[in-house]
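Letter by letter, the chains look like this.
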Amino acid sequence: KQNAAAQKQAEPAVLQPTPQPKDDFQEELVVRPLHSGDIYASFQFRTLWETDFMRGNKVSHYRLFPKSLGQVISKFSVRELHISFTQGYWRTMQWGQPYLPSPPGAELWVWFQDSVTDVDATWKELTNVLSGIFCASLNFIDSTNTVQPSASFKPLGIGNVTDHRFLRYATLPREIVCTENLTPWKKLLPCGSKAGLAVLLKSEKLFHSSFHSQAVHIRPVCQDWQCKTTSWELRQTLNVVFDLHNSGQGKREWSLFKMFSRTLTEACPLASSSKIYIDITDNPEQFELSPATSLLSQAMVLGDRRTFSVYDLTQQDTFGSVRSLNLLIRWKSTEGDMLRPLLHAERYVAGYGLQTGEIHTLMYNHHPYRSFPVLLLDSVPWYLRLYIHTLTVTSKGKDNKPSYIHYQPSKDRVRPHLLEMLVQLPPNSVTEVTVQFERALLKWTEYTPDPNHGFYVGSSVISSLVPSTVAMDTNSTRERPLFSSFFPCKEESSYFVRVYTEPLLVNLPTPDFSMPYNVICLTCTVVAVGYGSLYNLLTRSFQIEEPSPGLAKRIANVIRKMRGVPPL
Amino acid sequence: FTLSIYLSIYLSIYLSIYLSVCLSDSAGQFFSSGHTNNWAVLVCTSRFWFNYRHVANTLSVYRSVKRLGIPDSHIVLMLADDMACNHRNPKPATVFSHKNMELNVYGDDVEVDYRGYEVTVENFLRVLTGRLPPSTPRSKRLLSDDRSNILIYLTGHGGNGFLKFQDSEEISNVELADAFEQMWQKRRYNELLFIIDTCQGASMYERFYSPNLMALASSQVGEDSLSHQPDLAIGVHLMDRYTFYLLEFLEDIHPASKANMNDLFKVCPKSQCVSTPGHRTDLFLRDPGSVLITDFFGSVRKVEITTEAIDLTDPIKEVEERPANGDVHKEMHSYVDQLPVSEIIHQKPKQKDWHPPDGFILGLWTLILLVFFQTYGVKHLRHIF
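Small disclaimer: the values here were computed from a predicted structure and weren't measured. (Residues numbered from 1 in each chain as written. Chains lettered and ligands numbered in written order. Predicted model: local features only at pLDDT ≥ 70, side-chain atom pairs only at ≥ 80, totals over all residues. Heavy atoms only, no water.)

A.B. asks: Tell me about the interface of chain B and chain A, and name the residues and values.
C.D. replies: Of the residues lining the interface, 47 residues belong to chain B; the matching set on chain A comes to 65 residues. For the pairing of chain B and chain A, the buried interface totals around 5200 Å² over both sides, and the portion due to carbon and sulfur atoms is 56%. Ranking the residues of chain B by area buried against chain A places R115, Y335 and Q338 of chain B at the top, with a combined share of 17%. Our count for the chain B to chain A interface comes out at five salt bridges. For D108 of chain B, the salt bridge goes to K202 of chain A, with nearest N and O atoms at 3.6 Å. Connecting chain B to chain A are 20 residue pairs in polar contact (both at pLDDT 80 or more). With three residues, the single largest contributor to the side of chain B that touches chain A is helix α9 (residues 341–345) of chain B. Across the side of chain B that touches chain A, the residue classes tally to 21 nonpolar, 11 polar and 15 charged. (Contact = heavy atoms within 4.5 Å. Buried area = accessible area lost by both parts, 1.4 Å probe. Salt bridge = Lys/Arg side-chain N within 4 Å of Asp/Glu carboxyl O. Polar contact = N/O pair within 3.5 Å; in protein donor to acceptor, adjacent residues only side chain to side chain. Helix = DSSP H or I, 4+ residues; strand = E, 2+ residues; numbered from the N terminus. Nonpolar A, V, L, I, M, F, W, Y, C, P; charged D, E, K, R; others polar.)

A.B. asks: Which residues make up the pattern of salt bridges, and what values do they have?
C.D. replies: Where charged atoms from two side chains of opposite charge come close, those side chains can pair. Going through the model one piece at a time under the given rule, you end up with 29 salt bridges over all chains. The salt bridge partner of D279 of chain A is R306 of chain A, with a shortest N-O separation of 3.1 Å. Of the two residues, D279 of chain A is situated in strand β10 (residues 273–279) and R306 of chain A in strand β13 (residues 304–312); the sequence distance between them amounts to 27 residues. Accessibility assignment for this pair places D279 of chain A and R306 of chain A in one class, buried. Among the salt bridges present, the one from D282 of chain B reaches R280 of chain B, with a minimum N-O distance of 2.9 Å. The network of salt bridges with common partners includes R46, R219, E233 and R235 of chain A. (Buried < 20%, exposed > 50% of the residue type's maximum accessible area, 1.4 Å probe, protein only.)

A.B. asks: So, unusual backbone geometry: which residues are in play, and what are the values?
C.D. replies: All names here are of chain A. We note that S77 has phi near 50°; this positive angle belongs to a residue other than glycine. Residue S77 is classed as buried on the basis of its relative accessible area of 17%. For K396, which is not glycine, the phi torsion reads 55° and is therefore positive. Along the chain, K396 turns up in the loop between β18 (384–395) and β19 (398–399). Residue K396 is classed as exposed on the basis of its relative accessible area, which comes to 55%.

A.B. asks: Report on the sheet that holds strand β21 (residues 417–425) of chain A, specifying residues and quantitative values.
C.D. replies: All names here are of chain A. Spatially, β20-β21-β17-β24-β25 is the arrangement adopted by the five strands of the open sheet, whose pairing is antiparallel. Bordering the open sheet on either side are β20 (404–408) and β25 (494–500), each of which pairs with just one other strand. When strand polarity is set aside, the average angle formed by the axes of neighbouring strands in this sheet is 15°. (Pairing = 2+ DSSP bridges. Axes fitted to C-alpha atoms, helices over the stretch in contact; angles between N-to-C directions.)

A.B. asks: How would you explain the state of the cysteines if you had to name every residue and give the values?
C.D. replies: Disulfide: a covalent bond connecting the sulfur atoms of a pair of cysteines. Using the criterion set out here, one finds three disulfides over all chains in the structure. The partner cysteine of C191 of chain A in its disulfide is C268 of chain A, sulfur to sulfur 1.8 Å. Because the sign of the S-S torsion sets the handedness, a value of about 75° for the bond joining C191 of chain A and C268 of chain A places this disulfide among the right-handed ones. Of this pair, C191 of chain A sits in the loop between α5 (179–187) and α6 (203–206) while C268 of chain A sits in the loop between α7 (256–260) and β10, and the two are 77 residues apart along the sequence. By relative accessible area, which is 15% here, C191 of chain A ends up buried. Sulfur of C44 of chain B: no disulfide; nearest cysteine sulfur belongs to C199 of chain B and is 14 Å away. Taking relative accessible area as the criterion, C44 of chain B reaches 0% and is therefore assigned buried. The thiol sulfur of C199 of chain B is not disulfide-bonded, and the nearest other cysteine sulfur, from C273 of chain B, lies at 12 Å. Residue class for C199 of chain B comes out buried when judged on its relative accessible area of 19%. (Disulfide = S-S within 2.5 Å.)

A.B. asks: Which residues make up the nonpolar core, and what are the values?
C.D. replies: Of all hydrophobic cores here, the largest spans 158 residues; its most connected members are F260, L264 and I276 of chain A together with L59, L193, L264 and F297 of chain B. When sequence neighbours within four positions are dropped, the list of residues in contact with I276 of chain A reads L29, L197, L264, S309, V310, Y311, L313, L325 and L327 of chain A. Counting residues in each nonpolar core, the second largest holds 39 residues, with L386, L391, F437 and M472 of chain A among its members. (Core = buried A, V, L, I, M, F, W, Y, C linked by side-chain atoms within 4.5 Å.)

A.B. asks: Go over helix α2 (residues 67–76) of chain A, please, and point to the residues and values.
C.D. replies: All names here are of chain A. Among all positions of α2, only L69, G70, V72, I73 and F76 are buried. Projected onto a plane normal to the axis of α2, the buried residues spread over an arc of 160° and lie on a single side. Directly beyond the C-terminal end of α2, a positive phi value near 50° is found at S77. (Arc of directions from axis to C-beta.)

A.B. asks: Tell me about the UniProt feature "active site" (unreviewed entry) in chain B, and please be specific about residues and values.
C.D. replies: Residue and element names in this part refer to chain B. In this numbering, the UniProt entry assigns the feature "active site" (unreviewed entry) to H157 and C199. These annotated residues cover 43 residues of sequence, but their C-alpha atoms sit close together, with the largest distance between any two at 6.5 Å. For H157, the location among the structural elements is in strand β5 (residues 157–159). Judged by relative accessible area, which is 27%, H157 ranks as partly exposed. A distance of 2.9 Å separates the side chain of H157 from the side chain of N51, its partner in a polar contact. Secondary-structure assignment places C199 in the loop between β8 (191–197) and β9 (213–217). The residues contacting C199, other than those within four sequence positions of it, are G158, G159, S219, E223, D224 and S225. (UniProt positions renumbered as here; feature names shortened; annotations may be inferred.)

A.B. asks: Account for the pairing of β21 of chain A, with residues named and values stated.
C.D. replies: Residues and elements named next belong to chain A. Most of β21 sits inside the fold, with eight of its nine residues counted as buried. Pairing between strand β17 (residues 372–380) and β21: nine bridges, direction antiparallel. In the strand pairing of β21, P373 is matched with Q424. Bridge count for β20 against β21 is five bridges, and the pairing is antiparallel. If you follow Y404 over to β21, its bridge partner there is L422.

A.B. asks: Go over the side chain of Q113 of chain A, please, and point to the residues and values.
C.D. replies: Along the chain, Q113 of chain A falls in the loop between β4 (105–112) and α4 (119–134). Not counting residues within four places of it along the chain, the set of residues in contact with Q113 of chain A comprises M54, S77, V78, R79, F166 and W232 of chain A.

A.B. asks: An account of the sheet that holds β19 of chain A is requested, with residue identities and associated values reported.
C.D. replies: Residue and element names in this part refer to chain A. Strand order across the open sheet formed by five strands is β15-β16-β22-β18-β19, with antiparallel pairing between neighbours. Looking at strand neighbours, the two that pair on one side only are β15 (343–350) and β19, the edges of this open sheet. Of the pairings in the sheet, the one linking strand β16 (residues 356–365) to strand β22 (residues 429–439) comprises 10 bridges and is antiparallel in character. Across the sheet, E358 pairs through a bridge with Q436, a residue of β22.

A.B. asks: Talk me through the environment of S494 of chain A; I want residue IDs and the actual numbers.
C.D. replies: Residues and elements named next belong to chain A. Relative to the helices and strands, S494 resides in strand β25. Remark: the alpha-carbon pair of S494 and P467, spanning 27 residues in sequence, is separated by 4.1 Å. Discounting residues that sit within four places of it in the chain, S494 has contacts with L465, V466, P467, S468, M472 and C489.

A.B. asks: I'd like a description of a nonpolar patch on the surface, backed by residues and values.
C.D. replies: Residue and element names in this part refer to chain A. A cluster of nonpolar side chains, namely L551, I555, V558, I559 and M562, defines an oily patch on the protein surface of about 530 Å² accessible area. When you line up the elements, L551 lands in helix α9 (residues 551–563). The class for L551 is exposed, based on a relative accessible area of 59%. (Patch = residues over 30% accessible without salt bridge, like charges linked within 9 Å, V, L, I, M, F, W, Y side chains within 5 Å. Areas by Shrake-Rupley, 256 points an atom, 1.4 Å probe, with all protein chains shown as cover.)

A.B. asks: Give me the lowdown on the packing of helix α3 (residues 121–129) of chain B against helix α4 (residues 173–185) of chain B, citing residues and values where you can.
C.D. replies: Residues and elements named next belong to chain B. Orientation of α3 relative to α4, taken along the N-to-C sense of each, is 25°, at an axis distance of 9 Å. What the angle tells us is that α3 and α4 run roughly parallel. Of the residues in α4, those touching α3 at V121, F124, L125, L128 and T129 are E175, L176, A179, F180, Q182 and M183. (Parallel < 35°, antiparallel > 145°, perpendicular 65-115°, else oblique.)

Right, dumping it as structure tokens:
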């Protein structure tokens with residue numbers, strides 16, 4: 001020991017022993033066969049990093065956490081960032097509840113730190129920077145589609161202060177999701193798409209699906225049970241539902257190769273845990289899983305205790321002798337029904353013509369005897385002028401007065417309508433919220449190049465604490481699979497769920513854009529023919545002109561001129 | 001004697017000049033093409049599913065340019081509509097250029113910088129001239145300098161002197177020529193190659209007047225550019241003829257190829273294209289025969305091998321972080337309640353910030369005051385104050 005100490009002192013240039021890495025990466029895939037024969041796969045990649053972006057010193061050494069997102073957090077003083085890109089609509093009644101809900105199109109909501117002085121300017125810059133990172137048109141987010149919810153979207157990370165002045169929420173229902181959004185998303189992963197579960201993410205298969213959603217969630221979380229230090233968590237999630245007939249060719253048999261056209265050969269070397277969970281709760285005798293695994297795990301997720309078969313990719317023997325893993329799930333029978341989701345919502349536009357209409361939002365409570373409160377957030381663009389005096393909330397035919405209403409009226413071309421209501425849904429009932437609106441005529445430069453497609457109204461968001469059938473796990477720091485630890489759980493008897501309705505597509509009165517050309521032609525013709533002729537008649541004087549004589553007469557005139565005689 | 005001194009001085013001066021010319025000649029050969037970096041601006045201006053071929057055109061040029069070495073950070077790709085994930089596409093996330101789905105030009109790692117409604121004449125001109133709002137991200141900017149060779153490719157529907165953007169606006173050839181002149185005056189390019197594949201495309205380069213511009217078009221004024229072949233499974237025409245043969249020509253080019261611009265001018269003769277492709281080289285200072293294809297389509301870096309030894313600095317020592325002070329007295333954090341019902345019900349409405357009175361209110365008060373003073377006369381003001 002003395003020699004070692006002496007050696008250390010003699011060589012001051014020797015590097016200090018490298019400190020324990022303070023960042024951690026986990027990857028996980030959950031596969032849930034759905035009752036309709038479709039299959040639901042949910043990827044989650046989580047990077048935890050114990051660092052402080054908010055303190056004075058700049059963070060410059062990035063290892064697993066992507067540098068582009070770290071710079072965004074520190075430059076814009078972001079406390080929480082949630083962005084999702086979704087193609088398709090989640091069918092709750094056929095597929096159950098998703099592990100991570102998201103609305104069609106793009107959705108971005110951000111909590112800023114208390115130190116930000118001008119939240120709107122920071123929000124605008126943040127959306128521009130994110131549009132460059134994710135190759136999406138997020139720069140179309142401006143004050144006309146941003147709202148500041150007053151009670152929904154509480155922070156999902158740790159924190160004490162919840163002043164809603166620092167929250168901004170925006171959706172772009174028209175946003176298209178394609179390979180150009182997946183490419184930068186994959187580049188944020190530590191292993192990229194070269195190793196681990198991300199090799200399965202091939203765009204040709206992922207976009208040929210009924211539902212595709214990719215999201216990035218950044219928030220501060222507790223590091224340990226004492227929760228005195230915080231670390232930053234980056235979760236990248238990708239949910240996809242493959243259709244039985246489109247991708248499955250009608251056969252109730254799914255495998256990794258059939259879903260993704262790839263098999264797994266290794267875990268990501270930078271990951272501390274890399275697991276696949278297959279949900280086998282629904283009558284495990286009904287389908288066959290191969291290769292067989294003895295690892296089983298139970299988790300309390302979405303108010304239910306589910307059983308999962310676990311494949312650990314960090315163990316070499318999971319891959320078997322062929323050194324590749326191709327899971328095969330084969331149905332043996334199609335009986336049995338799935339757990340009915342307790343909360344479900346729909347929305348549609350009623351009415352006729354291009355003048356007025358009515359928005360109906362229906363919320364279904366399928367619990368037989370419990371009622372629970374839901375918080376409905378509606379953000380309607382300014383060109384649908386809502387008449388709030390016609391707002392009615394009815395359940396089971398009777399009026400249901402909300403215990404909290406927050407309404408912010410719209411301002412033309414400045415901000416949209418914001419309506420938030422806390423409604424108690426009676427057991428086993430349908431609650432209908434209706435409001436009438438009038439359509440506005442936009443200025444001709446405000447129309448999109450394809451206005452006859454219609455204009456989108458973003459999805460309504462329904463947040464609720466739904467009573468659960470089993471006691472939920474409130475211990476947030478125990479080792480839990482990633483898909484069950486996204487929403488923090490404070491009490492055992494209920495779990496938090498967020499349901500998105502369909503976006504609406506409304507037609508606004510659209511002018512005929514070829515009319516300016518037609519009008520100019522018609523007006524000029526009328527002016528030229530009508531006014532021009534009148535002007536000529538009034539201002540011109542007429543002179544009689546002799547018709548020019550024939551050729552013989554002209555020659556005779558020339559001869560007569562030469563002779564000096566007056567012409568004919 | 002003095003004569004010999006003068007002679008020797010003269011000889012030494014002559015020798016030194018000769019030597020310096022030799023050295024600069026080798027340096028001159030090194031930079032003979034004059035450019036040090038390559039940029040590409042690829043624009044598809046048409047919307048709607050039946051204009052699938054314009055997106056396929058732009059993506060084939062994107063694919064060639066990427067294959068020959070220009071990285072995504074140096075390519076500004078503008079696609080006015082999404083064909084790959086369009087709901088009418090029978091094979092999502094693919095855009096094909098050859099029938100029977102032989103070649104997927106969309107690929108697996110495409111990065112589109114401007115898409116959908118963002119592709120407008122204003123954005124295109126702002127990208128070219130560099131006049132973008134300060135918060136525009138780097139991937140959406142053309143950060144070229146005076147040593148950049150830029151390739152600009154436009155495709156869509158056009159006419160005599162204009163190009164239509166998204167069925168709602170157009171850019172004229174005068175505007176385009178002025179934009180290039182702005183780029184020249186701001187020294188934003190070294191040499192520029194402009195390729196356009198539209199009907200009557202030659203009209204778009206008629207008005208250019210800045211130096212170092214070379215232009216190619218798929219058809220002359222008065223001619224239409226035709227599309228190549230439909231695919232019966234997808235149901236639309238997949239490519240335009242000129243770009244189809246251009247793609248076939250570029251597939252044979254590799255980063256070390258010595259093909260020059262004269263070969264590019266021969267692409268798609270009238271027998272294949274039905275229209276007559278045109279080109280314009282009078283504003284270009286170098287001879288087109290000495291300009292390599294890879295000067296514009298590729299990003300060939302010149303490497304000079306040196307045998308000199310360079311001393312590196314001392315190895316960097318890792319500094320251990322000081323532990324934060326006040327470790328003991330940290331408060332315990334907790335997760336926020338997601339739906340605190342009682343808190344929400346008893347929420348006080350937030351204080352509205354005071355705003356100065358709006359124009360309407362000010363006007364109303366001015367009217368009231370005017371009527372008052374008109375009725376009672378101005379001389380009573382003395383009594384009020």
